[in-house]
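Here are the chains, one letter per residue:
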Amino acid sequence: DQSVLAMAEDTLKHFARKKAREACHEARDAFYKCLEDSGIHNWRKGDPVPSSCATCRKGYEGECPSSWVLHFDQTYSHNKAVSRFLDQNKQS
């Protein structure tokens, strides 16, 4: 039956997209963890990537659409800036 085949195809596409998203998120998290582990807490898009994190960055950019990489990098930088601001105000 065509409708069963269409549903099966849609299900396969959904799981493929889900696996791709999971791979992207894992690669993103590995890159940001590498930055943190390297003591880099102020990294922003355009800053040099430490050589110890170059492989993670390449994997991140390979697993995620470029628009997602841009969004995640901007969000990461923004969240770090807010966190630093709040920490500085706590200490004052």
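Residues numbered from 1 in each chain as written. Predicted model: local features only at pLDDT ≥ 70, side-chain atom pairs only at ≥ 80, totals over all residues. Heavy atoms only, no water.

**Overview of the state of the cysteines**
This is how the line gets drawn: By disulfide we mean two sulfur atoms from cysteines, separated by a distance within 2.5 Å. Numbering goes from the N terminus for both helices and strands, where a helix is a DSSP run of H or I of at least four residues and a strand is a run of E of at least two. A 1.4 Å probe rolled over the protein chains alone gives each residue an accessible area, and that area as a share of the maximum for its type sets the label: buried under 20%, exposed over 50%, partly exposed in between.
For the coordinates displayed, the defined rule picks out two disulfides. For C24, the disulfide goes to C64, at an S-S distance of 2.0 Å. Across the S-S bond of C24 and C64 the torsion is about 110°, and the bridge reads as right-handed. Highlighted residues: C24 in helix α1 (residues 2–37) and C64 in the loop between α2 (54–63) and α3 (66–91), separated in sequence by 40 residues. Assigned by exposure class, C24 and C64 land together as buried. Here C34 connects covalently by a disulfide to C53, the sulfurs 2.1 Å from one another. On the sign convention where negative is left-handed, the bridge of C34 and C53, at about -95° about the S-S bond, is left-handed. A residue pair is termed long-range when its members are at least 10 positions apart, and C34 in helix α1 and C53 in the loop between α1 and α2 qualify at 19 residues. For the pair formed by C34 and C53, the shared burial category is buried.

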